[in-house]
Each structure stands twice: as structure tokens, then as C-alpha cells.
Amino acid sequence: MARTKQTARKSTGGLALRRMMNMNAISLPDQYKTESERNSEYYSTSYTEDPAHLLGMRNYNSLISAIETELDTYKKRKVELLDTRLETIDCILNKISEMEIDIIPQKHSEYSLEQLDKEFIALQELYIEGYISENEFQQRALMLEIVLRTSGVYSIPHVDYRNKILSVSVSSYHSDKSQEKNQNIRIFLSSTFRDMQVERENIIHNTFPMLRKHCSERGLFLTGIDLRWGITNEQSQSGNTLNLCLREIDRCRPYFVCLLGNRYGWSQNRDNSDKLFSKTMEHAIPYFPFVKYYTDRSITELEVRHAVLNDTASRTAKKSLFYIKNGSSDNPKLDQLKREILSSSLSVKKYSDPRRVADLIFNDIKKSIDTDYPVKSKLTQVESQRMAHIGFEELRSKVYIGNQDYFNRIQSKINSTNRSPLIITGVSGTGKSSLVCNWVKYFRDNNPSRTILSHYIGCNPQSTDLGYMLRRIFMELKEAMGITRSIPSDLKDMVEAFPEWLGEASFKGGLVLVIDAINQLELKNNAHSLQWLPLQFPKDVHVIISSLPQTQTTNVLHSRGWDFMTVHPLRNVEVAQIITQYMSQYGKVLDQEQIKLILASIQCKNALFLRTLLEEIRLFGVYEEVTVRLKHYLQAENPSKLFQLCFERIQETYDPENSGILSGILTLIWVSRSGLSENELLSALNLTQAKWSPISLSLENSLISRSGYFTFFHDYMRSAIKDMYIDPVTEKQVRESLVLYMENNISNGNRFEEHRAMHEIPYQYQRMNNYEKLASFITDISNFKVLFLEESFKFDFYEYWRYCSNNTNLSMGEILSHNAKEYGNNITEGNINDYVELLCTIGQFFQENSLYKLAEDMFSTALDEVQQYSSDIYLSGHVYGKLGYLLRMKGDYQNSEPAYLKSLGILRRCHLEKTAEYASITNGLAILYRHKANYKQAKVLYTEALDMRKKLFGNIHTEVAQSYNSLGCLNQDMGNFTIAEDYLRLAIMQRESLLGISHPDVAMSLTNLGGLFSTCGKYNEAKEIYNRAMSIYKNIFGEKHHGVTQVYNSLAGIACDLGDYKESERLFKKAIDIIADILGEKHPDYALSLNDLASCYVQQGKLREAEPIYRKAMNLRASTIGVYHPDYAQTIYNLGSLLSEQGKFEEAEQYLNEALEINEKVFGPNHSEVGEVLKNIAGLYQRKQEFNRAIPYYNRSLDIFLESFSENHPVIGMLLNDMAILQFQCKNWIKCESLYKRSLSTYRTAFGNHHPEVAQAIINIAQYYIHRNQIEEAKEKLSEAASIYVNLEGANSTKHQECARLLETCK
């Protein structure tokens, strides 16, 4: 049959193997069984017919018979199988034909553990070569061990074994995803020592460093293993040499390099025993039984046999490299070994020049690595981050002792329609993470078409950062679901965007989001308040969260009323079961006294403590002293204390003189950001491989490799190391040593090592609170180009920038700006375009942080560089577009417009008028014209942008919806309220259909529609719309969000208009408190809210309370946005108007004239904002009884308004009312009545007959009639106004009572 490798489809294999579990009275959870297995008698068939078992036993006749029987059984029962099961059987048959090695049929029961490993390895090769699935491999391996513990064990040929580190086929979200990449490459170098010194010297000092650099370009870590270079005398005398070498070979598979010369190496004759050599053999045989048959062979030959000759068909054999030096020897064993190697299919080259062989080895290994890891296989950023979480998941899932009730509870939650998250709690070490990891793997295997995203907080130091977590979630969703939106860089923007991304996930098939150990998030950024976590989740988005109990995070989760599930400590029956199962895997048992000791110890109810204890006991070599050792470990009161005892045991065993090797390794990893690679540890600590290997092997259960970096298995280990080795002085010294090592890497010019330095150095400076060095590091342009321009570091850069800005008096922006210009002095003309893009990037960064002056300087410098040195016309247009946007944000409308126009003109010259960039700049210019009240031109450009977006994206798109929203706001400004409502409803409809009804963009358009209704006096409709927007914002972001403050301000404005001043003040103050909390009191939005509150006081007549608030807002705006910004002009205009009402005319006139000057400069002389200031200057002269000075200001204001708005705009109605009052004061009755009537007509046209402004205009005319003694006309008007107020506000409203009082005066 043809050999066919298995695809990434879900496997239904392993049925027979799982039947073995039933025979051994160990129950497999139902979720791991297929439906046919649960309902079929076939599930209970005897395990002795299992093909994998028979293959391991080499019972080939029975194996073939069993396969045929199995196939017939499937056909008879019509069980539906996936192709993978048949492929697996096919591959097993092919394996039989390949295994042409003599089998030793001798039973070795005393070597049960070692033979068990061999059986496991045979199965493992099938998996490594891709012939069976990961799920099937894990289940078969587990049960194979149990079967072999209860039946005979036979020797089998050796196959590849990677020290339990497998190229696991892991599907991150769907079963057809690419395989996980192993980033560690370890190459074992085997040779005799004395005759190979020149070769080894060149390989160690030249070949391996060059290979390491080559690997770094693919995101790989290469370590060359040369154990006998620097092996200690103590290690040799202990008899551990061979055992150590063979274990390292297994860790290095499939990379094995051997050099053979004219020396055979250390060995002994059968007739002439060497005591030390015999001791070395005896030490290795229990772990590597084949050695028993080669005790007269050299260490080098045993290495070769273990690596390749025991199985020349293995992957290691196919990738091994042999180099034989020309010449003769007088040792027949060496000659026989060479003949055996040359006669095989192994890669063998002969050489004469010991210096040239290093080049041969480099080229051969490079070729092999290029084959295994082509350039395209370099881990992407999201893959690299994912590796740490997959490694954590794999490790935790291997040690979990299952509880079916927990699985059922989680699955039930996922299957329910209840969208609230499930919260899993339990004390540390009870197995929450293991439960979560095992359930995730189960769900992923059984639901290959569904998207599941798991984030394990604490799996590496980065994972505890809120921003890192959110960013990783965005990256995973972007890849898994094809989401096209860009990932925010700032944490605030991430928090706002989080619900939006979840909404998109809902529309793209749904999501299961798992966040493990949420209580381990760092305390910074208010992460434990969980304001970043939505209150509600969209359809088909299910969330599982685990946390320690009685923490701030758990309290917040409880307050939300979400469902909780508690993972309880182990019961005695579970502890006893774990003891038996765990120890039996290694052929060991504890007696009843020892088991009772464990059961009586409360700390053993903790799964982590129990597992660690059992692992230590199984490693203990003196059976008679196990009880004493057990009591010693049980003195530890928690896992952290137990780990301290474990480290002390390792210290005593491998570093009895306390030379600092162990503490150096552990403390360096402890201070690192996300672990260190093997090569980094060796280089930073100046360790030889011989010193590192035994300690690293002893730390196998403490250190785990995540994405190629060693870090700790559990946070309890970090706690133990801190207690044992870390004090403030030591911590500082270790951090400084790591920085020094990384700085040296930068100077080497290796791009990969440069990235490692960027990852580690600023983090270390931050942890040491060395603000000055951190600031200097991140503002260095070479570092900035990596930290800010590369997506993987961008969030870190923002974090470091804020950290330095908040903790130093340094002007970070000015330093970066200066460094950018200095950097430009060394730029050649050929690199000018890159430099211009760098300046624009820095300018945008300054802009985002409201450093407008510095941003303008960067864009202006970029323009100068383009115009002087670059021939790229487009680049000039690109920069002008960015400059136009910046100047508009600054309020410099006068210079913003020509920048926008130049940008568009250049893009047209480049024939780029049909691009998204051109549409965006057109829309930006339209916004500028709207702000300048050039509504006609704004409408033209908004419409052009809309048409372009429709052609680019189609009629239904978020960009199209944004254009509709803009046109709605424009028409509201123009007084075209009906048209405005139509556009806003179009925007809402598209956004709801594209993004969902609970999306923040929907809330934004709803807020605009509420503002329109409020302007039109439709207060009930406005409040209903505002409350819906508020509900969306609160459900997504919680109370503390700028969208919530906008709605509060709008509702406060309605309350103020309706005379409910108490409620208005409450809402305004609530908005101010939230803004102060989330943005700080120096933010422009805080000044805006102060301005609104002061205006509320003015409307109540509380002028004394309003004045200091206006002044505070004025000072804030002067310091944040400058004194030439229109928002600053608005505040001094309000303050001037207030002072005018107070009779402080001189100061008032000064502020109003200053506001007029700013607005005329910013907007031009005919802008509505200019007209508004002119109106209030006229009012000031009116109060001073200088009527002749007031009239020309009123007239100029009216001319501007009529030019800016339609003649029926409410602003004109208000101005006509003020002009009527002036004529009243001048006793010009005819003009007065005419103006009152024009004002009323304008209001009626704008708002309809039932609006508070209409009612107020009617009252004004009525008062005129009363003064003129036209009582009947006055009574008619007052009755009409009273009716309007009753309908709007009720009979008890202040305004209705005012009408009633005036009616009384008419009687």
C-alpha cells in the first residue's frame, strides 16, 4: 500500500487503544469518545488486538490479523470513519516493512521503565513523521504505558526521541491551521577529543557562531552541544558521562554531527576491565538498555549507535552528518565502525584538512536548516506570541487530573444562550489553569470549525500586561477571522476598540474567548477594575475567565452578577488515585505508611504541591530512606516552600560548592522579561555546555521552553527564587548584567539579537526605575525606528514614553525632535524618502499626544527635505495632507486649507484621485470648511468623498456610513434639520447592519441624532435616543468613557433648557468627574466640560459661581491648546459675556475683542463665530446704554448670519430677538414689533409651533403688547405660550407659571 501522510483533519483514530483503558479499569471521560464508541459494543473489545500494541510487541502475524478484523468490524457496523484512521493503519503496515533490524526477543522485566520508554518512542516516531494525529498520539501513549505496566515488555529498535519536545501539530483555532514551529535547534557534536582539537576549535568558534547568525534570520535559536569540551573531572569520576551524552543526543534530535579520525576513544576490553568505564556503563544501562550489549565499545561509538545506527531509518539518521578523516588506524573496532557507517545510507564525507572540515559542516548544516526552516517558515509576530501560550497549554494539559463535572459545567455554559461569562475560581495550585488548558484542547479538537482564543496570563512576563493581552487578542482575531481594521497602539484606544472587535467576531462566526488567571494582570492602568472588560457580549461570543478568589478582580466579577464555578482542593480519594497512577508510570509504588503521610498533609490537597512532591520522591534513589525524605518535603507549608527545597536539592547535587551557577541561571531568568534562550544563558553567564547540561536536565520540571526561551513552570517558582536569591542589591546587579550583555548584542549588528535587546533593555531600565537611561534609550533614533516603527514593539514604546513623561522633568518630545534632526545630518540623498517617512511618523506621534508645535516642526522639516532633495512628487503631497490635518487640529484653519489643497493637487498630478487617501483628504478638507462655516463648499467636498468611497468600497461600507454621518452634521449646522435627520438615520442603519446594534459607532451616530432632536426642541425623542447611546457605551466600556461623558453633557443641556437646573448640574459634574479620572484635569476635554457647567450657572443667573469656572477653563485651554485656538476664543467669549452681564464692562470688552480678533484670524471676517462675538459686543454696548455703538455690530452680525445660514435658521431668530429689544429700549416701536414678529416667524419655520424657543418668542411679543397696553393681543399670545409649555414641560414648569403670572397682570 502507498504511504500517505496524515492531513490536519480531526482524527478518529486510537479507538482500540482506548479500549485498553476499559480493560484496565481506568475510565476515559466521555468527551474523548466518539458517538459511535459511546453507543457501540465494539468499545469493550479486548485490548490485546490493538494494532499499536501488537506493533510494539513485534507480533506481526497477529498484527495483520487484528487489522483485517478491525476493518471488517467497521464495515459490518457501518461506522463512519475519517480517512485518517485508514491512513494510520496503512502507515503501520508500511512501518513493519521498514523495520529490518534484529529484534532481541529477550524479556527484561527489570527494565520496565526503560522498555516502556522504547515502546513509547516507537509510537512517537509515527507521530513525529506525521502519520497519526496529536490527539491520537497522546491517548495511545498514555494507555500504552498502562498496558505495558500490566503485561510483558520486550526490547525494540530505537527511534527518534526529542526529549518530550515534539513538533506538535497544534491548531490555534481551526484544524487546518499551520503547524507550530519549534524555534530551538540543538546540534550534538560527537568525536574523540585528542585527535580532533583543531577541528573542534574551528567548529565551536567559527561554524556554530555563523550558523547561529544564520538561524537568527529565521527567528531560530541554535545551540551547539559539545559536552566533552570542558567536561569536569567530577562528572567523569561520577560515572555520569555516557548517560549525560546520550540524554543530550535525544534532546538534539534530529541534528547529529560526528567526526571520526584515527583514535577510537575511551573504551575497555571484555578481558581487561576499566573500573571507571564499567561504572559509566552501569550508570547508563538502566536508562539506555542497548548499552548492555556494547560494554566493550567506546563512548564515541555508543553515541553513534544511540543516535543513528540503532535505527538507520529514523529522521535523525537521515539528517545526521559524518566526517571521516583520511588515514589508517590500528583499532579494528574503529575500522568496523567506519565500515558500518560507510555501508549505510548515511551522509558521509571524507576530508584531509582539519581546517576545511569546518566549512563543510557549515554548508551541510545550513542546507539542512534551510530545508527544515525555509525563510517563509520564520515565525510571524502573532505566531511567536502564540507559542508561549501553546507551550503553557501543552504543559498544563499533561499533568491534569480530570474532573468530568467541571468539563460538563463549562460545556453547558458554552452551549447556552446566556451571554454572560463563566468565572472559574479556586485557590492557587488547585488546578484551575490545568482545567482550562485541558478543556480548551478538548473543545478545539472536537470543534475544529469554531474559533477559540486562549490567553494564559502569567505564561510569560509580557502576558500580564493589559495592553499586551488586548493587542494579542486583536492580532489573533485579525489572522483567524480576516478582520481588516488596524490595531490601535494606545491602551485607551485598545480598550475602546475591544468591544468593536468582539462585535466583528460575532458576525464572522462567533468566538470562545478564554482568559486564564485574570488576577495576575499587572496593577498598572487600573487593570484590576476590569473597566476594559465589556459588561455585555454580542451573540455567539462566549467568555471563560479564571481567577483567584477574594481578589479585586473577583469582587468586580461578582458585582456583575456573572456565573461562578469553584475548583475545589483534591479529595483524599483523588489524592490516593493520583499517587498510584503517577508513581506506577515509573514502575514505583509507595507503601501504606507513606501514602497515609501524604493524605494527612493538608498541603497535598493542592494539585501542584502533590505533583511536585511525587516528582521529587520518584527521583529519590534510596528506597529505604524514602519516608525520611518524604517527611522532609512535607515540612513545606505551600508550593513555594516546596520549590525552595527542590532547588536546594539541585544545588547540593550539581553545585555543592555553591559556585553560583544555579543561582545565576535562576536569577537571570527571574529578572528577564519573558525568559532567555539557552544560548543567551550560556553566553551571559559564561557557562560551558558541560556545566549547563546536568543542571538544565535537573531543572526539566521547573523550566519550560516557550517560543525558544526558558522560563518558569509556575509562578510559585518565581516566589521561591525571590525568597532564596533576590534582594534589592542582587536584583539591580543581575538586571544591569543582563543589560550589558544585551547592549553588546546590539553592537554586533545582528538584526535578531538587536530585536532581543529592544525587547529586554528598556524593560530592565523601567524595572530599575532608571528613567534617564530609559528616556535616552527610546529617544535614540536608531532604537526609535525599531521600537515605534515595528508593530511588535509599538505598544511598548507608548508605555515607556508615558512612564518617562510622568516620572521625569525631561522634555521627551524636544529630545526626540532634536535627535531626529541630528539623525538627518547623516542621511544620504538615496535614503531621503525613508527619512521623510520617519519625520512624518514622529510628527504623527507628536500629534497623537497633543504636542502640536513639535508635530508641525516635524512635518515642516519633512517638506523641506522633500523639496530640497527628493524627486518623489507623491511624497510631497502625502506630507501636505498630514500637515493639513495637523493644522486643522491645531485650529490654524488659515494655513490648513492651502496645505490640504496642495496635497490634493499633487495627488491629482500623480493620477491618484481614485484612491482611499485622496478620499480621506477630501473629507478632511470638507471638515475644515464646515468648521469655517463655508457650508456650500463643505457640502460639495463631503459629497465628492461619499461618491469616491462608494466607488472604492461599495454602497454599504463603514466609510460610506461615516460620510453619511458627516453630511448629517453639516446639514444640522446649516439648519436643514429634515435632511440632517435623513443622513443620520442612513448612517445609523448602515452601521447597525455592518457592525451590530450595540457598536460604539452606532452610539456616536445616535448621539448626533439626539443633538439634532434637542436643537429642534424634541426633548423626549432626544432623551430616548441619548439613553440608547448611553446604554451602548456603558455596556461596552462601563461608566468611565468619553462617550458616556458626551451623553451626560447632552442630557445636562436638555435639563438646563427645561429649567431642571439641579439635574443639569448633577449631570455636568458627573461628566467632569469621569473626564478628570480617565483623561486628567489637563486634558482639553476637561476644560470643555468646565465651560459647559459654567454656562449652566449663567443660565440660572448664578454669575458669581460661573466666573471662576470660566477662568479655570480659560487657563487650561491657554496651556493645552494655546491662545490662538478657536476653543480658547470660545471660553474668553463666554467669560466676556458673563462679565458684561455683571457690569464689568471694561474687562468684558477686552475679552470679547480678543475673541473677535482670534476668530477673524482663524475663520475669516465672515464666519458665524465672528458674527456670534459681534452680537455679544453689541449686547455689551446695549447694556452700557450706548445704543448707537451697538447697532452697527448687530447689523454686521445679521449680515454674516444671513450669509452663513438660511434666513430661517434659529441663530437668526435669536439675533432678531436681541435687535428687537434694542429697538424697544430706543422706543422705536414699529421696528421693535417688526423684529419680534420676524424672530417668531423664523423660530416657527425652524422648529415648528411647539418648541420652547417659539414659546419664548411669543412671550417676548406679549410683553411688548403689555407695555404698549394692547391687552387682548397680549392675553392671546400668553395663552398660546402657556399651552406650549404645558405640552412640553407640564403645568408646574417654571415657564408655564411665568405665563400665568403675566396673564394675571393683564386682568
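Residues numbered from 1 in each chain as written. Predicted model: local features only at pLDDT ≥ 70, side-chain atom pairs only at ≥ 80, totals over all residues. Heavy atoms only, no water.

(A) Seen up close, the overall build of the protein. Along its length, the protein carries 59 helices and 12 strands. Here the protein holds 1307 residues, and the buried ones make up 57% of them. About 54,900 Å² of surface is accessible on the protein, with carbon and sulfur atoms providing 48% of the total. (Helix = DSSP H or I, 4+ residues; strand = E, 2+ residues; numbered from the N terminus. Buried < 20%, exposed > 50% of the residue type's maximum accessible area, 1.4 Å probe, protein only. Areas by Shrake-Rupley, 256 points an atom, 1.4 Å probe, with all protein chains shown as cover.)

(B) Representation of the packing of helix H10 (residues 241-252) against helix H11 (residues 275-284) in the model. Relative orientation of the contacting elements H10 and H11 amounts to 45°, with a least axis distance of 7 Å. As the angle between them shows, H10 and H11 are arranged oblique. From H10, Thr-241, Leu-242 and Asn-243 reach across to H11, where they touch Thr-280, Met-281, His-283 and Ala-284. Considered class by class, the residues forming the contact of H10 with H11 number three nonpolar, four polar and no charged. (Axes fitted to C-alpha atoms, helices over the stretch in contact; angles between N-to-C directions. Parallel < 35°, antiparallel > 145°, perpendicular 65-115°, else oblique. Contact = heavy atoms within 4.5 Å. Nonpolar A, V, L, I, M, F, W, Y, C, P; charged D, E, K, R; others polar.)

(C) Broad picture of the sheet that holds strand S5 (residues 347-351). Strands sit in the order S2-S1-S3-S4-S5 across an open sheet of five strands; the sheet is parallel. Strand pairing shows two members of the sheet lacking a second neighbour, strand S2 (221-225) and S5, which therefore form its edges. Here the average twist between neighbouring strands, direction ignored, is 20°. Set on the sheet, H10 makes contact with strand S1 (184-191), S2 and strand S3 (256-260); between it and S1 the angle comes to about 140°. In the packing of helix H15 (residues 357-372) onto the sheet, contacts are made with S1, S2, S3, strand S4 (321-325) and S5, and the angle to S4 comes to roughly 165°. (Pairing = 2+ DSSP bridges.)

(D) Unusual backbone geometry, seen in detail. Residue Pro-254 is bonded to the preceding Arg-253 through a cis peptide linkage, with omega at 10°. Within the secondary structure, Pro-254 is located in the loop between H10 and S3. In this structure, Gln-550 takes a positive phi of about 55° despite not being glycine. The residue Gln-550 is located in the loop between strand S9 (541-547) and helix H21 (552-559) in this model. Positive phi is not limited to glycine here, since Asn-769 has a value of about 55°. For Asn-769, the position within the fold is in the loop between helix H32 (751-767) and helix H33 (771-779).

(E) Geometry of the pairing of S5. Summarising the sheet, S4 and S5 pair through five bridges and their orientation is parallel. Across the sheet, residue Lys-325 finds its bridge partner in S5, namely Tyr-351.

(F) Representation of the pattern of salt bridges within the structure. Throughout the structure, instances matching the rule amount to 43 salt bridges. The closest approach of N and O atoms between Asp-250 and Arg-253, which form a salt bridge, is 2.9 Å. By the burial criterion, Asp-250 is buried, and Arg-253 matches it. Among the salt bridges present, the one from Glu-301 reaches Arg-305, with a minimum N-O distance of 2.9 Å. With Glu-301 and Arg-305 both in helix H12 (residues 299-309) and four residues apart, this pair spans about one turn of that helix. Taking relative accessible area as the criterion, Glu-301 reaches 1% and is therefore assigned buried. (Salt bridge = Lys/Arg side-chain N within 4 Å of Asp/Glu carboxyl O.)

(G) Structural view of the side chain of Asn-243. Note that Asn-243 resides in helix H10. For Asn-243, a relative accessible area of 4% translates into the label buried. Dropping the residues within four chain positions of it, Asn-243 is found in contact with His-283, Ala-284, Tyr-287 and Phe-288.

(H) Representation of the environment of Phe-643. Along the chain, the position of Phe-643 falls in helix H26 (residues 639-654). With 75 residues separating them in the primary sequence, Phe-643 and Arg-718 have C-alpha atoms 9.4 Å apart. Residue contacts for Phe-643: discarding those within four places in its chain leaves Leu-608, Thr-612, Tyr-716, Met-717 and Ala-720.

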